[in-house]
Amino acid sequence: MSVSRMSALLAAALATPAALVAPIAAASPALAAAKTCPAFVAVASPYATVDGQTRAGTVTVYGSAKSGLKKRETLSQGTAGIGGAPERNDSFGSAVAKGDFDGDGCADLAVGVSEEVVGKPDPDAVPGADGNGVVHILFGSPSGFTRVKTIDVTHLGRKYGTDRFGAALAAGDLDGDGDDELIVGAPGITGGGGIGVFGLSGRSPYGTGTLITQTTSWVHQKGDPTDLFGAAVAAGDFKGNGKAQIAVGAPGDGGTSPGSGVVTIVDPRGRHATAFTQNSPGVLGGVEKWDAFGSALATGDFNADGRDDLAIGVPGEDVSSSLTRGMDYGDGAVNVLYGSARGLTATANEMWTQTILAGVPRYYDRFGTSLVTGDLNGDKDDELIVGAPGEGAVQVLAGTRTGGLTRDDNELITGTRTGAFGSSVLIEGGKVLVAAPGSGELTVIGTKVKKGPYPGAVPGTARKVRTGGPDDLSGYALS
């Protein structure tokens with residue numbers, strides 16, 4: 001299931017194959033103290049042409065959607081103190097994540113460049129081979145980004161390979177010290193993929209990190225080359241103890257059912273890991289080839305119990321037919337696991353499809369390709385937004401204090417299918433932002449405070465913002 005770097009991101013946005021979907025990281029609690037630091041939205045265009053270099057990639061920084069989403073600056077390698085130079089097929093912006101990595105109360109921005117080839121290109125390399133990958137960390141301040149640091153797989157004690165380091169990013173406070181750790185997905189690491197954790201236990205966010213793979217002694221898994229462990233990552237406090245754990249998607253894993261997918265909950269401090277599939281005891285659904293369970297991940301508190309819950313995208317799930325179509329196709333589904341004092345559990349878990357929600361499931365919808373959570377209606381529990389770019393739509397489910405997510409008043413918001421509307425989603429500044437990378441447009445949707453089982457989004461307020469050209473994959477990743 002490995003996809004070449006020449007085609008990976010284009011396929012992700014337009015055909016949305018499960019293996020390449022980048023998770024969208026919610027704003028970290030560590031940023032709540034920032035009162036004088038400017039809020040921002042980062043919109044990645046990993047296929048943008050820079051200085052004549054096609055698919056070099058850019059990230060455009062806008063002011064908060066609350067203040068009108070005003071453009072501030074466009075970043076690329078070789079600008080604003082960012083190392084390297086724009087090169088063909090680098091894909092700067094393959095993933096983006098916001099967090100307070102240095103604990104100063106200002107939001108920092110991590111930018112993945114998963115297809116970067118470090119140093120001189122290997123003349124013997126296969127054309128279009130996966131990149132080594134790097135991640136640039138831009139540190140925020142009241143006056144904007146002031147310094148940049150760069151990390152790569154050598155910070156994990158490894159030599160460069162076709163790692164795709166930076167293909168997925170997330171931020172979360174794993175050790176309870178008030179600042180965020182940076183989690184970097186590298187699904188191309190030899191043996192099935194891996195993740196790097198930076199900043200844990202007082203370490204520098206750009207120093208030596210901790211490498212976790214399926215074959216790490218306490219993870220207790222067997223890795224296969226096509227597993228894509230680390231293709232999606234998210235952080236959530238599933239126990240409610242103030243210390244987040246990491247959810248790692250391996251949508252290519254599945255043993256005898258290739259591509260069915262596995263999600264592993266990792267606690268690097270406690271050195272403990274728990275794996276979930278659709279065959280795990282009590283989990284709804286069933287393991288099938290190419291379901292791609294774990295292609296997208298998002299955490300939020302759907303029942304307001306003080307513990308994070310986990311939404312898991314399964315965009316390859318077949319609902320309208322018993323046929324196994326494979327890889328690029330699927331009606332799609334979302335599994336939800338709820339937090340408890342023991343961590344995530346299958347108790348009262350849910351499986352959402354358009355068979356029970358507004359809309360009609362079709363084999364090309366890819367429902368569950370993107371996920372984001374946030375309190376849209378002001379009742380202190382989180383709603384869930386699910387992207388279905390094959391349909392050109394997003395679905396909004398309300399959270400409740402009496403059981404979590406509900407189908408009551410669920411809302412289907414449609415856009416352009418040809419533009420892959422719904423490929424990525426973000427909640428920021430009291431607005432819902434939905435990207436259509438195939439058309440270079442970002443749709444901004446207002447919300448309304450209304451307590452109870454109401455989705456909170458107000459489609460009638462929607463307005464479009466042009467963020468890039470149709471070949472840039474603008475909005476492929478948002479943060």
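Structural notes, computed from the coordinates. (Residues numbered from 1 in each chain as written. Predicted model: local features only at pLDDT ≥ 70, side-chain atom pairs only at ≥ 80, totals over all residues. Heavy atoms only, no water.)

## A few points about the overall build of the protein chain
Looking only at helices and strands, the protein chain features one helix and 28 strands. Expressed as a percentage of its 479 residues, the buried residues of the protein chain come to 61%. Of the contacts formed within the protein chain by residues at least 6 apart in sequence, a portion of 57% connects residues at least 24 apart. Of the roughly 16800 Å² of accessible surface on the protein chain, a fraction of 50% belongs to carbon and sulfur atoms. (Helix = DSSP H or I, 4+ residues; strand = E, 2+ residues; numbered from the N terminus. Buried < 20%, exposed > 50% of the residue type's maximum accessible area, 1.4 Å probe, protein only. Contact = heavy atoms within 4.5 Å. Areas by Shrake-Rupley, 256 points an atom, 1.4 Å probe, with all protein chains shown as cover.)

## Some details on unusual backbone geometry
Although it is not a glycine, Asn89 adopts a positive phi angle of roughly 75 degrees. On the basis of relative accessibility, which here comes to 5%, the residue Asn89 falls in the buried class. With a phi close to 60 degrees, Ser91 is a non-glycine residue in the positive phi region. The exposure class assigned to Ser91 is buried, which follows from its relative accessible area of 0%.

## With respect to the sheet that holds strand E24 (residues 424–428)
The four strands lie next to each other as E24-E25-E26-E27, forming an open sheet whose pairing is antiparallel. The open sheet terminates on both sides in strands that have one partner only, identified here as E24 and strand E27 (457–466). Strand-to-strand twist of the sheet, defined as the mean angle between neighbouring strand axes without regard to direction, takes the value 25 degrees. Here strand E25 (residues 431–436) runs beside strand E26 (residues 441–447); their pairing, made up of six bridges, is antiparallel. Within E26, the position partnered with Ala435 by the bridge is Leu442. (Pairing = 2+ DSSP bridges. Axes fitted to C-alpha atoms, helices over the stretch in contact; angles between N-to-C directions.)

## Comments concerning the state of the cysteines
In this structure the tally under the stated criterion is one disulfide. With its sulfur 1.7 Å from that of its partner, Cys37 forms a disulfide with Cys106. Between Cys37 and Cys106, the disulfide has an S-S torsion of -50 degrees and is therefore left-handed. With Cys37 in the loop between helix H1 (8–14) and strand E1 (40–45) and Cys106 in the loop between strand E4 (92–99) and strand E5 (108–113), this residue pair connects regions lying 69 residues apart in the sequence. There is no split in this pair, since Cys37 and Cys106 are both buried. (Disulfide = S-S within 2.5 Å.)

## Considerations on the sheet that holds strand E18 (residues 333–338)
Read from one edge to the other, the open sheet built from four strands follows the order E16-E17-E18-E19, with strand pairing classed as antiparallel. The sheet is open, and its two borders are formed by strand E16 (296–300) and strand E19 (345–352), each paired with just one other strand. When strand polarity is set aside, the average angle formed by the axes of neighbouring strands in this sheet is 20 degrees. Bridge analysis of E16 against strand E17 (residues 309–314) gives five bridges, and the strand direction is antiparallel. Paired with Ala298 across the strands is Ala311, a residue of E17.

## Some remarks on the nonpolar core
Among the nonpolar cores identified, the biggest contains 20 residues, and Val59, Phe92, Val96, Leu109 and Val111 are the most heavily contacted of them. Where this core is concerned, the elements lending two or more residues are E1, strand E2 (58–63), E4, E5 and strand E6 (134–139). Non-local contacts of Val96, meaning those with residues more than four positions away in its chain, are made with Ala42, Ala44, Val59, Leu109, Ala110, Val111, Leu169, Ala477, Leu478 and Ser479. Ranked by size, the runner-up nonpolar core spans 19 residues in total, among them Ala170, Ile183, Leu200 and Ala250. (Core = buried A, V, L, I, M, F, W, Y, C linked by side-chain atoms within 4.5 Å.)

## A word on the pattern of salt bridges
Enumeration over the complete set of coordinates arrives at six salt bridges. Across the salt bridge formed by Arg147 and Asp102, the nearest N and O atoms sit 3.4 Å from each other. Of the two residues, Arg147 is situated in strand E7 (residues 147–152) and Asp102 in the loop between E4 and E5; the sequence distance between them amounts to 45 residues. Judged by relative accessible area, which is 34%, Arg147 ranks as partly exposed. Residue class for Asp102 comes out partly exposed when judged on its relative accessible area of 27%. Across the pair Arg307 and Asp305 runs a salt bridge whose closest N-O atoms are separated by 3.9 Å. Residue classification places Arg307 among the partly exposed positions, given a relative accessible area of 25%. Through salt bridges with shared partners, one network takes in Glu441, Lys464 and Arg466. (Salt bridge = Lys/Arg side-chain N within 4 Å of Asp/Glu carboxyl O.)

## Some details on the pairing of strand E8 (residues 168–172)
Counting buried positions along E8 gives five out of five residues, so the element sits mostly inside the fold. Here E8 shows no split at all, with Ala168, Ala170 and Gly172 on one side and Leu169 and Ala171 on the other all buried.

## A closer look at the side chain of Asp152
Note that Asp152 resides in strand E7. With no salt bridge to any partner, buried Asp152 finds its closest opposite charge in Arg158, at an N-O distance of 10 Å. Within polar-contact distance, the side chain of Asp152 engages the side chain of Tyr160 at 2.7 Å. Not counting residues within four places of it along the chain, the set of residues in contact with Asp152 comprises Gly133, Val134, Tyr160 and Phe165. (Lys, Arg positive; Asp, Glu negative; His and termini not counted. Polar contact = N/O pair within 3.5 Å; in protein donor to acceptor, adjacent residues only side chain to side chain.)

## Remarks on the side chain of Thr345
As for its placement among the helices and strands, Thr345 is situated in strand E19. Residue Thr345 is classed as buried on the basis of its relative accessible area of 16%. Only 3.1 Å separates the side chain of Thr345 from the side chain of Thr347, close enough to count as a polar contact. Not counting residues up to four positions away in its chain, the partners in contact with Thr345 are Leu337, Tyr338 and Ser340.

## A look at the pairing of strand E21 (residues 383–388)
The buried count for E21 comes to six of six residues, which makes it a mostly enclosed element. The pairing of E21 with strand E22 (residues 393–398) spans five bridges and is antiparallel. When the sheet's bridge partners are listed, Leu384 is paired in E22 with Leu397. Hairpin remark: E21 followed by E22, antiparallel, with four residues in the connecting loop; positive phi at Gly392, about 70 degrees.

This is a description of form; function is not addressed.
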